[in-house]
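Fold and geometry: a report
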Amino acid sequence: MMFTGIVEELGELVSRDELTDAARLVIHGPTVVSDARHGDSIAVNGVCLTVVEVLPGGRFSADVMRETLHRSSLGSLQVGGPVNLERAAALGSRLGGHIVQGHVDGTGRVLDRRPAEHWEVVRIALPAPLARYVVEKGSITVDGISLTVAGLGCDPDDFFEVSLIPTTLQLTTLGRAPVGALVNLEVDVIAKYVERLVTNPAR
């Protein structure tokens, strides 16, 4: 399954049912539910989830396993919280962002926000194991949003910066994420494939 990192809709977590080793989420998202069926994939804050049931009122349910809850920000998502939603890319559709799998590599925290007149620079902590996959002017997915890396640094820990245009500020969760907020990160999958080929050329 593939996504592009272009958020279609800002949805909302309606309910959360804690199970033994998972959680069932009910999410309101009329746009992404308009043509959804059981088994379809929808990215929720960058996490690829499978539609269990399409519900009345523009809602759908999805199960999230314990591993995903621990490795992504979905584990701390509260009822009423906003979520970025994107349907899986259709064959032949425009690739507006970059290739996104919906497989979260790790989480980071918002370290700083610097507003400007027409945009805002957001600094996000970068987990050390992911730093080697992130390059300036390269692509990274933050909470399911395809973004360009505007800057990199280590002060004292690794971080990266992205510049958010008004549309991103208004129509995604990053527009309201405060300093300290946990966000999902997915690095460019091509970088991981290149590393694998270079380090294990005979396999």
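Residues numbered from 1 in each chain as written. Predicted model: local features only at pLDDT ≥ 70, side-chain atom pairs only at ≥ 80, totals over all residues. Heavy atoms only, no water.

A few words now on the UniProt feature "repeat: Lumazine-binding" (unreviewed entry) in the protein chain. Within this structure's numbering, the places UniProt gives as "repeat: Lumazine-binding" (unreviewed entry) are residues 2–98 and 99–198. Taken end to end, residues 2–98 is 10% helix and 44% strand, and its two terminal C-alpha atoms sit 10 Å from one another. In residues 99–198, the share of helix is 20% and the share of strand is 43%. The end C-alpha atoms are 21 Å apart. (UniProt positions renumbered as here; feature names shortened; annotations may be inferred. Helix = DSSP H or I, 4+ residues; strand = E, 2+ residues; numbered from the N terminus.)

The strand order E1-E2-E5-E4-E3-E6 describes a closed barrel built from six strands, whose pairing is antiparallel. Each strand of the sheet is rotated relative to its neighbour by a mean of 45 degrees, with strand direction disregarded. Relative to strand E5 (residues 59–65), strand E2 (residues 22–28) runs antiparallel, the two sharing seven bridges. Looking at E5, one finds that Arg24 is bridged to Asp63. (Pairing = 2+ DSSP bridges. Axes fitted to C-alpha atoms, helices over the stretch in contact; angles between N-to-C directions.)

Here the bond from Asp155 into Pro156 is cis, since omega is -5 degrees, no more than 30 degrees from zero. With respect to the element layout, Pro156 can be found in the loop between strand E10 (145–154) and strand E11 (158–164). For Lys137, which is not glycine, the phi torsion reads 75 degrees and is therefore positive. Following the sequence through the fold, Lys137 ends up in the loop between helix H3 (128–131) and strand E9 (139–142). One non-glycine residue, Asp143, lies in positive phi territory at about 50 degrees. With respect to the helices and strands, Asp143 occurs in the loop between E9 and E10.

A few words now on the domain arrangement of the protein chain. According to the domain assignment, the protein chain contains domain 1 (9–87) and domain 2 (106–198). A C-alpha centroid distance of 22 Å is found between domain 1 and domain 2. Contacts between domain 1 and domain 2 engage twelve residues on the former and twelve residues on the latter. Carbon and sulfur atoms make up 50% of the surface buried where domain 1 meets domain 2, a total of about 860 Å² over both sides. Among the residues of domain 1 in contact with domain 2, Leu10, Ser73 and Asn84 are the three that bury the most area, contributing 49% of the side total. Applying the counting rule to domain 1 against domain 2 returns zero salt bridges. On the surface where domain 1 and domain 2 come into contact, there are four residue pairs in polar contact (both at pLDDT 80 or more). Per-element accounting of the side of domain 1 that touches domain 2 gives the leading share, four residues, to strand E6 (residues 82–87). Of the residues in the side of domain 1 that touches domain 2, the class split is four nonpolar, six polar and two charged. (Domains from an automatic or database assignment. Contact = heavy atoms within 4.5 Å. Buried area = accessible area lost by both parts, 1.4 Å probe. Salt bridge = Lys/Arg side-chain N within 4 Å of Asp/Glu carboxyl O. Polar contact = N/O pair within 3.5 Å; in protein donor to acceptor, adjacent residues only side chain to side chain. Nonpolar A, V, L, I, M, F, W, Y, C, P; charged D, E, K, R; others polar.)

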